[in-house]
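# Geometric and topological summary
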Amino acid sequence: MNPQLREKILAVMHSGVDREQSSGFFRVALGLYYLSSLMTKETLDFKQLDRDFNRFIYQTIGKGHSITSILQYMSGGKVVEVVESKRFLKAFGDCCTEVPLENIPFLLGLNLGVAKDISKIDVRGPVADYIERQRQLREDAEAK
């Protein structure tokens, strides 16, 4: 992770109004960057990638958190509160231009798919509902 990426994620985090919101903003911004980094034709060194992200996570929110826990958070209902927050969307859209806002539903869907494959859990729920709502909104807008 380069210093510019760290600064962008921290800027999104600092736009939260309290500790809980800031923590959610950090997790989602970081998770979206991580997931978007997987969208490449290049061979990835997951050991190095995860080590870089985990070091930044530890330095920012402390012990007991990892990229795995971030991705778990992003497959749970609390992520919907974040990605529907106007404050988050503004901060992320302004600071993190490499990950377009319209990619958020796709990246969350990617994360859900991986979670389903790994843990065999049922992925129906708030995140899947959010993704479906966004798909419907996009289709309605395209039909106009």
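Residues numbered from 1 in each chain as written. Predicted model: local features only at pLDDT ≥ 70, side-chain atom pairs only at ≥ 80, totals over all residues. Heavy atoms only, no water.

To continue, consider helix α3 (residues 46-61). In this model α3 runs 21 Å from its N-terminal to its C-terminal C-alpha over 16 residues, within 8% of the 22 Å that 1.5 Å per residue would give. Residues of α3 that are buried make contact with α1 (3-14), α2 (19-37) and α4 (67-73). (Helix = DSSP H or I, 4+ residues; strand = E, 2+ residues; numbered from the N terminus. Expected span 1.5 Å × (residues − 1). Contact = heavy atoms within 4.5 Å.)

This part takes up α1. Across its 12 residues, α1 extends 16 Å between first and last C-alpha, which sits within 8% of the 16 Å expected from 1.5 Å per residue. The set of residues buried in α1 consists of L5, R6, I9, L10, V12 and M13. Taken end-on, α1 shows its buried residues confined to a sector of 155°, consistent with a single buried face. Exposed and oriented more than 90 degrees from the buried face of α1 are P3, Q4, E7 and H14. Sitting at the amino-terminal end of α1 is N2, which places a side-chain oxygen 3.1 Å from the backbone nitrogen of Q4. (Buried < 20%, exposed > 50% of the residue type's maximum accessible area, 1.4 Å probe, protein only. Arc of directions from axis to C-beta. Polar contact = N/O pair within 3.5 Å; in protein donor to acceptor, adjacent residues only side chain to side chain.)

Next up on the list: the confidence of the model for the chain. Here the chain shows a mean pLDDT of 90. Residues at 70 or above account for 94%. Between the elements of the chain, mean pLDDT differs from a low of 82, seen in helix α7 (residues 104-119), to a high of 97, seen in helix α6 (residues 86-95). (pLDDT = per-residue confidence, 0-100.)

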